[in-house]
Amino acid sequence: MKILDGDLQAVMESDPAMEDEQEAIKFHMGLHVVSMYRESHELWLQGRKDEAMQLNYDAHSRFGADIHPAAQIGERFFIDHATGVVIGSTTIIGDNVRLYQGVTLGGVSTSKGKRHPTIGNHVVIGANASVLGNITVGNNVRIGAGSVVVKDVPDDCTVVGVPGKIVKMKGVSTKNELDHGDLPDPVRERLNQMQSEIDCLKGLLADMAKKGE
């Protein structure tokens, strides 16, 4: 299994559970899946598509991740764990992209053309998020866990929810880019706002009742 230095570096920077590089090389399933994809992609480009698909099948059987050999993925690609990750054949992914378990980069069309997402550089996609269709996700974007993104996302944004909504634009700190568990929750924020409005109305009704006595 050939492991690229950039992919190994991404693991060591992104997964604090790994004590050293040898541990990552032996046991990091996400790194193994990425390595098998790299090999299958080379075979695909050489026209050895049956061998490429067989290697993809083996990776899926062993680790539960399905990365089509035709997908185009940049340098320093990181997958935390591997289970449930699906990356479609016309997906394009930039450099320094990090995916968590259960992420789907899928299609919504049966056409033969470009039908999967294009992901920019320095993008983090949280666990069980889905990015669907021939859309573009810009650079420095964070997509929260469980989100469903079906529209283009500009650079430097944070997206959460179903469907995905942009909750931050520009000026997002990169220091804690992996802390996708603390992303804003627009549904909770809206419910809190509604509760405040209800409390205010109750107070007004109570005042009116007192004045009517």
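Note on numbering: residues in each chain are counted from 1, in written sequence order. Totals for whole chains, interfaces and linings use every residue, but because this is a predicted model, local features are given only for residues with pLDDT of at least 70 and side-chain atom pairs only at 80 or more, for both listing and counting. Excluding hydrogens and water, the side-chain figures rest on all heavy atoms present in the structure.

## Remarks on helix 4 (residues 49-63)
As a reminder of what qualifies: The helix and strand labels rest on DSSP assignments: H or I over at least four residues marks a helix, E over at least two residues marks a strand, and numbering proceeds from the N terminus. Helix span, expected: 1.5 Å multiplied by one less than the number of residues in the helix. Here the term buried applies to any residue with accessible area under 20% of the maximum for its type, exposed to any over 50%, and partly exposed to those in between, with areas from a 1.4 Å probe on protein chains only. Arc, as used here, means the arc of the directions from the helix axis to the C-beta atoms.
For helix 4, which comprises 15 residues, the first-to-last C-alpha distance of 21 Å matches the rise-based estimate of 21 Å (1.5 Å per residue) to within 8%. If you check which residues of helix 4 are buried, you get Ala52, Leu55, Asn56, Ala59 and Phe63. One side of helix 4 carries all its buried residues, which in axial view fall inside an arc of 100°. Seen from the open side of helix 4, the exposed residues pointing more than 90 degrees away from its buried face are Asp50, Tyr57 and Ser61. Immediately beyond the C-terminal end of helix 4, within one or two residues, lies Gly64, with a positive phi of roughly 80°.

## Comments concerning the pattern of salt bridges
Test applied: Salt bridge, as applied in this entry: a Lys or Arg side-chain nitrogen positioned within 4 Å of an Asp or Glu carboxyl oxygen.
Within this structure, the stated rule accounts for three salt bridges. A salt bridge links Arg48 to Glu51; the nearest nitrogen and oxygen atoms lie 2.8 Å apart. In this structure Arg48 comes out as partly exposed when scored by relative accessible area, which is 38%.

## A short note on unusual backbone geometry
Of note, the amide linkage connecting Val162 to Pro163 takes the cis form, showing an omega dihedral of -5°. Within the secondary structure layout, Pro163 lies in the loop between strand 14 (157-160) and strand 15 (165-169). Unlike most non-glycine residues, His81 shows phi in positive territory, near 60°. Of note in this structure, Asn140 is not a glycine but carries a positive phi near 60°. In this fold, Asn140 is placed in the loop between strand 11 (136-137) and strand 12 (142-143).

Take it as geometry only, folks, not as evidence of what the structure does.
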